[in-house]
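Remarks on the overall topology
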Amino acid sequence: MGHRNADAVTVTAAGADDRDRTAPGESGTASSPASLDLNQLRTFLAVYRSGSFTAAARLLGLSQPTVTAQIRSLERRLDRELFERLPRGAAPAPFADELAARIVEPLDALAEVAGHGGDSAAEPVHVAGPAELLSHCVLPRIAPLVERGVVLRVATGLTDDLLEEMRAGRHDLLIATARPRARALASVPLADEEFVLVTSAVWAARTGGAARLAVDGPAVLHGVPLVAYAEDLPIVRRYWRHVFGKRLVCKPAVTMPDLRAVKAAVVGGAGFSVLPRYLCLDELSSGALVLLNDPDDPPINTGYLVQRPGSSDNPHVALVRDHLLESARGW
């Protein structure tokens, strides 16, 4: 396709029933600006953000052939290819990145204004993330919004699974334990979680606790049962590499895919573990858990707030998002 100056693009709002003003097979000319259909731009942005024609169709409530037809029509008008069709999804062409950067803010702002104009009942805000973080940090902060009319639907799970569900349109906001690799999903750093090495008071007394570990290193924990989130010990292994510079060679005595349950087992005397500090504050304060190590450079993990493409149509999504970004400073 030929190349056109992107600065020559202007946008004209159109109603939902507007037809494509360009005849099939006809493209715009480079000598005059293109008048673009607002609905086509919304469709483009949904495909760009979701990375899929199918997912965009779900988000917009359209059929997939309609989405495909709108994108093809927009490509003809711009005389540019916007997406590379892949077996699974669609990859944005370089010009698509440029176009998205130019239209995302005005389209999102327009959608938010339109969302404030309706009198219908509030749509739910679908929030997802790790069960522990949602329970201890997220829900206590956003709960007061319910009194302001916000309706919440909360789901828990692993980040990769939740991201797939978000692409399919199931979640509006997601707390992810890693930055999404897909450019189509907008994400911002939310908060850092610090990991700590802990055990019960009983095991601390038997091993000599932090004082002994400072002298003899992690070898003092040999013989102490390990309680972990998963069989492959992702959190504990990372702590060992980061703090001790050693590879952990140990099999867990207890595993359970819920850090709250891991904490409960350690408090009960099952052994030692590595947990997020936010999850242990009360137990460390009361003495139910004992800190075995307090390094100057503890391992941390950054959580990201991810927003579903197109979810700004619901004004309460922006309200919850902004509230989370503000309150996360105190986590």
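What counts, and at which threshold
Residues numbered from 1 in each chain as written. Predicted model: local features only at pLDDT ≥ 70, side-chain atom pairs only at ≥ 80, totals over all residues. Heavy atoms only, no water. Helix = DSSP H or I, 4+ residues; strand = E, 2+ residues; numbered from the N terminus. Buried < 20%, exposed > 50% of the residue type's maximum accessible area, 1.4 Å probe, protein only. Axes fitted to C-alpha atoms, helices over the stretch in contact; angles between N-to-C directions. Parallel < 35°, antiparallel > 145°, perpendicular 65-115°, else oblique. Left-handed = near helix turned anticlockwise from the far one by under 90°. Contact = heavy atoms within 4.5 Å. Salt bridge = Lys/Arg side-chain N within 4 Å of Asp/Glu carboxyl O. pLDDT = per-residue confidence, 0-100. Polar contact = N/O pair within 3.5 Å; in protein donor to acceptor, adjacent residues only side chain to side chain. Phe/Tyr/Trp six-rings, centres within 6.5 Å; stacked < 30°, edge-to-face > 60°. 1 Å grid on protein atoms, 1.4 Å probe; cavity = no way out; pocket = protein on both sides within 12 Å on 5 of 7 lines; lining within 4 Å. Points joined across faces, edges and corners; volume = space filled by probe spheres on them. Nonpolar A, V, L, I, M, F, W, Y, C, P; charged D, E, K, R; others polar. Pairing = 2+ DSSP bridges. Core = buried A, V, L, I, M, F, W, Y, C linked by side-chain atoms within 4.5 Å.

**Description of the environment of I300**
Assignment of secondary structure puts I300 in strand β13 (residues 300-307). Look at I300 and you get partly exposed, because its relative accessible area is 37%. Separated by 61 residues in sequence, I300 and Y239 have C-alpha atoms that sit 9.2 Å apart.

**Here we look at the packing of helix α5 (residues 131-142) against helix α12 (residues 315-327)**
When two helices pack together, their arrangement is given by the angle between the helix axes and the distance between those axes. Where α5 meets α12, the axes come as close as 10 Å, and the angle between the chain directions of the two elements is 120°. When the axis of α5 is compared with that of α12, the two are oblique. In terms of crossing hand, the pair formed by α5 and α12 is right-handed. Between α5 and α12, the residues in contact are V138, R141 and I142 and V320, H323, L324 and S327, respectively.

**What to know about the pattern of salt bridges**
Tallied over the full model, the rule gives 10 salt bridges. Measuring nitrogen to oxygen at the nearest pair gives 2.9 Å for the salt bridge that ties R167 to E164. Separated by three residues within a single helix, R167 and E164 lie in helix α6 (residues 159-167), roughly one turn from each other. Relative accessible area serves as the criterion here: at 21%, R167 is assigned to the partly exposed category. Overlapping salt bridges, with partners in common, bring together E194, R277 and D294 in one network.

**Side note on α5**
Turning to α5, its buried residues number three or more, namely A131, E132, L133, L134, C137, V138 and I142. Contacts made by the buried residues of α5 are with β5 (125-129), β6 (152-156), β7 (173-176), α10 (259-267), α11 (277-286) and α12.

**Re the packing of helix α2 (residues 53-60) against helix α3 (residues 64-78)**
At their nearest, the axes of α2 and α3 sit 8 Å apart, and the two run at 110° to each other. Comparing their axes, α3 and α2 come out roughly perpendicular. Contacts between α2 and α3 involve F53, T54, A56 and A57 on the former and, on the latter, Q64, V67, T68 and I71.

**Section: the confidence of the model for the protein**
Summarising the model, the protein shows a mean pLDDT of 84, and 84% of its residues fall at 70 or more. Every residue in residues 1-34 is under pLDDT 50, and counting partners more than four places away or in other chains gives 60 contacts. Contacts of residues 116-120 to residues separated by more than four positions or lying in other chains number one contact, the stretch itself having pLDDT below 50.

**Describing the side chain of N293**
Checked against the element boundaries, N293 lands in the loop between β12 (290-291) and β13. For N293, a relative accessible area of 17% translates into the label buried. For N293, the side chain forms a polar contact with the side chain of Y239, separated by 3.3 Å. Beyond its immediate chain neighbours, meaning those up to four positions away, N293 contacts L197, L213, Y239, V243 and F244.

**Some thoughts on the packing of aromatic side chains**
Enumeration over the complete set of coordinates arrives at seven aromatic pairs. Counting every residue linked through ring pairs, the aromatic cluster contains F44, Y48, F53 and F83.

**What to know about the layout of surface pockets**
Its boundaries defined by the atoms lining it, the largest pocket holds a volume of some 1100 Å³. Residue lining of the largest pocket: 42 residues in total, with P130, T159, T177, E193 and N301 positioned closest to the centre. Elements represented by at least two residues in the lining of the largest pocket include exactly α5, α6, β8 (186-199), α9 (234-244), α11 and β13. Within the lining of the largest pocket, the residues separate by chemical class into 22 nonpolar, seven polar and 13 charged.

**Considerations on empty space enclosed by the protein**
Tallying each qualifying case throughout the model produces one cavity of 30 Å³ or more. Put simply, the largest cavity is a space of about 50 Å³. Lining the largest cavity, in full, are V227, A228, Y229, L233, P234, I235, V236, L259, V262, S273 and V274. Contributions of two or more residues to the lining of the largest cavity are made by β9 (227-228), α9, α10 and β11 (272-276). Top element by residues in the lining of the largest cavity is α9. It accounts for three residues.

**Focus on the pairing of strand β4 (residues 89-92)**
When strand β3 (residues 83-86) meets β4, the two strands line up antiparallel, connected through four bridges. If you follow R85 over to β4, its bridge partner there is A90. Between β3 and β4, which pair antiparallel one after the other, the connecting turn spans two residues.

**Some thoughts on the nonpolar core**
If you look at the biggest cluster of nonpolar residues, it comprises 51 residues, and the most contacted ones within it are V125, I175, L197, L221, W240, F272 and V320. Among the elements that line this core, the one with the most residues is β8, at six residues. Ranked by size, the runner-up nonpolar core spans 24 residues in total, among them A46, F53, F95 and L99.

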